[in-house]
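# Residue-level structure breakdown
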Amino acid sequence: MANSPLLFNPNTADFAQFDPETRRQLRALIDWFEARGKVTLLQDDLDATWVSDFLDFIKRERVFATFLTPSEYGIGDDNKRWDTSRNAALSEILGFYGLAYWYAEQVTILGLGPIWQSDNIKAKERAAAQLDAGGVMAFALSEREHGADIYNTDMVLTPAAAGDEEGVVFRASGEKYYIGNGNVAGMVSVFSRRADVDGPDGYVWFTAESTHPAYRLIGNVVHGQMYVSNFRLEDYPVREEDILCTGPDAFSVALNTVNVGKFNLCTASIGMCEHAFYEAITHSNNRILYGNPVTDFPHVRASFVEAYARLVAMKLFSDRAIDYFRSASSQDRRYLLFNPVTKAKVTSEGEVVVRLLWDVLAAKGFERNTYFAEVARLIGALPRLEGTVHVNVAQILKFMPNYLFNPVDYPVIGTRDDPADDAFFWAQGPAGGASKIQFSDWAAAYERFSDIPNVARFLDQARALQNLLTTAAPDADQMRDLDFMLVVGHLFTLVVYGQLILEQADLRAIDRDVIDQIFDVQIRDFSAYAVALHGKSSSTPAQQEWALAAVRKPVIDTDRFGRVWQQVKSFDGAYEMRP
């Protein structure tokens, strides 16, 4: 089991599902990190050293150019494409070795979003050329006063005055905040509004160059390797060839870019947790306390088994979500539900996994010579980037009626790790319409595994949620009470989460003991949210009665637990980063 494909292991990963050049580049990336070694990587993190050496490697190996350029702009290179399956593998590796490296890629992806979605051919060709030359991008949406509030921006475009420079159509002025790569980005996609046009028709995305004299870099708003910049444009000249999109389309492009970018947070969280898991089990299984290995204590084993179950669940859900993203079309937009679930649920689970491991490691988890200390400090960033958990759960709620009560037939989607270009990402169309999207029968995946005790018990809870919404549904006041509805959203999210976990378990023939252990966790989480709903100030007597009736105890099987613990224990020494 130490070589189990359930967890990424740099020593054994062969990426056999990918083409030769993808395999070569991913292996070269791993080798680069391993050659730098743990001491250097951890010291760079502690010293807040900008990732210039990493970007030199990316330039030399043309990694971002290959992985982040749609095939249409591949300039004769058949290896270039936007392939979510291999992009996810890249993101997981970067998270495994350090969030700052992942962040440089993440904000490049976001910066490319408005460019690849635009009709501006020159801007696309310029972006492709800059990627080919080793450049990175930036996504300038957020502002100090407005955050990522798309409805409001203080970046203002004023029509050029008569006699301005030839070709200049606007002058841009304003500040942007929380802008990754803003110190070095070759092209910065900037969200703005026209001074002379009110409302949505005045929105504009344009590109700026970070080396231009009118681009004023103010500084890094965080202390760390990541450069999360604050910059100001001062009468920046905007030409026609710099404009990406305008009006309501610009609003949709902002949302659609986040749809693409926020998925990568789940794979970063997974990579961080995997590395932390290896360190935790290897240390704990070899530490003697009161004359016994720490892992002989029942509460320690319980923490490790739960952390492992949650981590495997994170991977299964995220891997299955890839298939839906890659198969999406204007007729099948189910990805718009699964995407915020990866963001809200998977990244939150990453925090839980780290907390469980930290409860075992205790003081060891603070030591500066551990990768765990870095993970513990940064894992909380992921649920809070690209929209908070609360924002994404509120988005998830829009899908609940059709998902639970109005299934339709869709063609079966298999595993999508084929070398295809995911062109639909750049043609998602107008944002909105979430409440109209329909889904296949969610219960089918559960029924296929209903002979597994905890899957069957969780299915009872899922059907109980249907019963709540038909017999004691939130009233109009509760629907406006986000504090109350977020609990309902978390209950619903667990049902969606379980569906894709089971679909992937079916496709990958996952060990049934592990599936049972995952749903042991699912049952306890559902019960906890039911109790939370019971305690909400606005819950009605009928809802309180429902909540207590929905609480379940998982089916206990000590033999199954023991077998899963042996899987966990087998990871002792399976991976340790080179010094």
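What counts and how
- The residue count restarts for each chain, going from 1 along the sequence in the order it is written.
- Since the coordinates come from a predicted model, pLDDT governs what is reported: local features require at least 70, and pairs of side-chain atoms require 80 or more to be given and counted, while whole-chain, interface and lining totals use all residues.
- As a rule here, side-chain values come from all non-hydrogen atoms in the structure, and water together with hydrogens is ignored.
- Segments assigned H or I by DSSP are reported as helices when at least four residues long, segments assigned E as strands when at least two residues long, and all are numbered from the N terminus.
- The quantity called the radius of gyration is restricted to C-alpha atoms. Its globule counterpart is 2.2 Å times the number of residues to the power 0.38.
- Areas reported as accessible are Shrake-Rupley estimates using a 1.4 Å probe. Residue values count occlusion only from the protein chains shown.
- By the counting rule applied here, Lys and Arg register as positive and Asp and Glu as negative, while His and the ends of each chain are not counted.
- In this description, the location of a charge corresponds to atom NZ of lysine, CZ of arginine, CG of aspartate or CD of glutamate.
- Here's how the labels work: a residue is buried when its accessible area is under 20% of the maximum for its type, exposed when over 50%, partly exposed in between, all with a 1.4 Å probe on protein chains only.
- Note on definitions: a residue-residue contact is assigned when non-hydrogen atoms from the two residues lie within 4.5 Å.
- Between any two strands, at least two bridges found by DSSP are needed for them to pair.
- Boundary definitions for the domains trace back to an automatic or database domain assignment.
- Buried area: the accessible area, evaluated with a 1.4 Å probe, that two parts lose upon being put together, summed over both parts.
- What counts as a salt bridge is simple: a side-chain nitrogen of Lys or Arg found within 4 Å of a carboxyl oxygen of Asp or Glu.

A few words now on the overall build of the protein. For the protein, the helix and strand inventory stands at 20 helices and ten strands. By the compact-globule yardstick of 25 Å for 579 residues, the protein fits well, its C-alpha radius of gyration being 24 Å. The dimensions of the protein, computed from C-alpha atoms along their principal axes, are 80 × 60 × 40 Å. As presented, the protein carries roughly 22200 Å² of accessible surface, and 51% of it is formed by carbon and sulfur atoms. Looking at charge distribution, the protein has the averaged site of its 55 positive side-chain charges lying 3 Å from that of its 76 negative ones.

To continue, consider the environment of Phe-526. Tracing the chain through its elements places Phe-526 in helix α18 (residues 512-535). Residue Phe-526 is classed as buried on the basis of its relative accessible area of 0%. Remark: the alpha-carbon pair of Phe-526 and Leu-26, spanning 500 residues in sequence, is separated by 38 Å. Contacts of Phe-526, omitting those with residues within four sequence positions, involve Phe-458, Gln-461, Leu-465, Leu-491, Leu-494, Trp-546 and Ala-550.

Now for the pairing of strand β7 (residues 228-239). Here strand β3 (residues 168-180) runs beside β7; their pairing, made up of nine bridges, is antiparallel. Directly across from Ile-179, in β7, lies its bridge partner Ser-229. In the sheet, strand β6 (residues 215-220) pairs with β7 via five bridges, with the strands oriented antiparallel. Across the sheet, residue Gly-219 finds its bridge partner in β7, namely Asn-230.

Our focus in this paragraph is the environment of Gly-350. With respect to the secondary-structure elements, Gly-350 resides in helix α10 (residues 335-361). Overall, Gly-350 belongs to the buried group, its relative accessible area being 0%. C-alpha separation for the pair Gly-350 and Thr-211, spaced 139 residues apart in sequence, amounts to 37 Å. Look past the residues within four positions of Gly-350 in its chain and what remains in contact with it is Ser-269, Cys-273, Met-314 and Ile-379.

Before going further, it helps to spend a moment on the domain arrangement of the protein. Size of an interface: often given as the accessible area lost when the parts come together. Per the domain assignment, the segments of the protein are domain 1 (20-135), domain 2 (139-247) and domain 3 (253-408 + 436-570). Of note, the centres of domain 1 and domain 3, computed from C-alpha atoms alone, are 29 Å apart. The interface of domain 1 with domain 3 comprises 24 residues on the first partner and 34 residues on the second. Its largest share of buried area at the contact with domain 3, domain 1 owes to Glu-92, Phe-96 and Leu-99, together 25% of the area lost on that side. Our count for the contact surface shared by domain 1 and domain 3 stands at four salt bridges. Note that Arg-377 and Asp-45 form a salt bridge whose closest N and O atoms lie 2.6 Å from each other.

Within this structure, the stated rule accounts for 47 salt bridges. Glu-234 is the partner of Arg-232 in a salt bridge, and the nearest nitrogen-oxygen pair spans 4.0 Å. The partly exposed category is assigned to Glu-234, whose relative accessible area is 38%. We note a salt bridge from Asp-477 to Arg-480, for which the minimum N-O separation is 2.4 Å. In this pair, Asp-477 and Arg-480 are both assigned in helix α16 (residues 476-480), three residues apart and thus about one turn of the helix distant. Each of the two residues, Asp-477 as well as Arg-480, counts as exposed. Among the charged side chains, a salt-bridge network with shared partners connects Glu-306, Arg-310, Lys-345, Glu-349, Asp-516, Asp-520, Arg-524, Asp-525 and Arg-560.

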